[in-house]
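Understanding the architecture of this molecule
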Amino acid sequence: MHDPARWRVATFNIWNRQGPWERRLPLIRDGLAALDADVVGLQEVLALGKLPSQADEIAAGLGWHVHHAPAWEIGGGLTFGNAILSPHPLLDPQCLALPAPPGLDTRSVVFARVDAPHGPIPVFVTHLTVQFHLCHVRRDQVVALVDHVARLAPIGGPPPVVLGDFNAVPDSDEIRFLRGLTSLAGRSVYFADCWAAAATGPGYTYDRRNPYALRSHEPSSRIDYIFVRGPDAYLRGEPVAARLALDQPTAGVWPSDHFAVVADIHAAPARSATPDSRPER
């Protein structure tokens, strides 16, 4: 068990059913179970009609709670979306729309309050538009995303955690906006990027050493993130560790074309902290 004074959160793009799904599934299930996470966000989750979604398949036998919702109606009852998995109950589950141009696959955010120790974690999981040249769409999407966060997890409550595949590198406008390094639409916000705050190295989550990623002939990049609005006045929401996971093959099979990101985040109010205890900067 990890330190109960910390939240352990993870995000993972499961690559829908591409590749050898029947061999990848147990690697994903076992790999996620081994993380001992309070919550896992999944992207590229397929579902067909009323059949169990891929998130339900992954959670089978683990005793986890699942909130899955489609983002894109592909057709014929097949949908593509996001999910939240947790060993803790999921409260107030919702699916929130993100803007997308007509004719483009639609995107959304799934939300739930994870009933973890030290109070519910407001969790948002998303997957932004993929096309390289559509950064203006992703900019609109992150502005809509922070509006959802402000409404459902206002300042003063537990720090919200935002997980997902943002299809954007760390120096893009979309990510710089979330990190408080640039403004968009006359707006500015701040979320801690857990990898930048608590890990070293490039942290590539879409890496050419993975043959499933190499097939796209794209450069290795960090496009999957865990953000938290913190630390707050009580030092809740401070990223204290981050690492990659599900980043090795088993018998030549990789769990996905992406790697997972895992972060430990300080969750318990610091005994010595007061609303005025943080230094000015």
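Notes on the structure follow.

Cut-offs applied
Residues numbered from 1 in each chain as written. Predicted model: local features only at pLDDT ≥ 70, side-chain atom pairs only at ≥ 80, totals over all residues. Heavy atoms only, no water. Pairing = 2+ DSSP bridges. Helix = DSSP H or I, 4+ residues; strand = E, 2+ residues; numbered from the N terminus. Contact = heavy atoms within 4.5 Å. Axes fitted to C-alpha atoms, helices over the stretch in contact; angles between N-to-C directions. Buried < 20%, exposed > 50% of the residue type's maximum accessible area, 1.4 Å probe, protein only. Expected span 1.5 Å × (residues − 1). Arc of directions from axis to C-beta.

A word on the sheet that holds strand E10 (residues 224-228). With mixed pairing, the six strands of this open sheet are ordered in space as E5-E6-E7-E8-E10-E9. This sheet does not close on itself; its edge strands, each paired only once, are strand E5 (90-98) and strand E9 (192-193). By the bridge criterion, five bridges tie strand E8 (residues 161-165) to E10 in an arrangement that is antiparallel. Paired with leucine 163 across the strands is isoleucine 226, a residue of E10. Of the strands in this sheet, E5, strand E6 (107-114), strand E7 (121-127) and E8 touch helix H3 (residues 135-152), which is tilted by about 150° from E5.

It is worth spelling out the pairing of E8 at this point. Buried residues dominate E8, accounting for five of its five residues. Every second residue of E8 is oriented toward a common face, with Val161, Leu163 and Asp165 on one face and Val162 and Gly164 on the other, all of them buried. Pairing of E7 with E8 involves five bridges; the strand directions are parallel. By the bridge assignment, phenylalanine 124 is partnered in E8 with valine 162.

Residues spaced three or four apart along an α-helix point in a common direction, a consequence of the helix completing one turn every 3.6 residues. If you check helix H1 (residues 21-34), its first and last C-alpha atoms are 20 Å apart, about what 14 residues at 1.5 Å a residue would give, namely 20 Å. When H1 is considered as a whole, its buried residues turn out to be Trp21, Arg24, Leu25, Ile28, Gly31 and Leu32. For H1, the angular spread of buried residues about the axis comes to 145°, placing them on one side. Facing away from the buried side of H1 by over 90 degrees, the exposed positions are Glu22, Asp30 and Ala34. The elements touched by buried residues of H1 are strand E1 (6-13), strand E2 (39-48), helix H2 (54-59) and helix H6 (211-214). Where H1 terminates, the next one or two residues include aspartate 36, which has phi positive at roughly 55°.

Further remarks concern H3. Relative to the 26 Å expected for 18 residues at 1.5 Å per residue, H3 spans 26 Å between its end C-alpha atoms, a close match to the ideal helical length. Of all the positions in H3, only Val137, Arg138, Gln141, Val142, Val143, Ala144, Leu145, Val146, His148, Val149 and Leu152 are classed as buried. Contact partners of the buried residues in H3: E5, E6, E7, E8 and helix H4 (173-178).

Note: strands within a sheet are paired through backbone hydrogen bonds, in either parallel or antiparallel orientation. The strand order across the open sheet formed by six strands is E3-E4-E2-E1-E12-E11, and the pairing between neighbours is mixed. Looking at strand neighbours, the two that pair on one side only are strand E3 (65-75) and strand E11 (239-245), the edges of this open sheet. Each adjacent strand pair in this sheet contributes to an overall mean axis angle of 20°, direction not counted.

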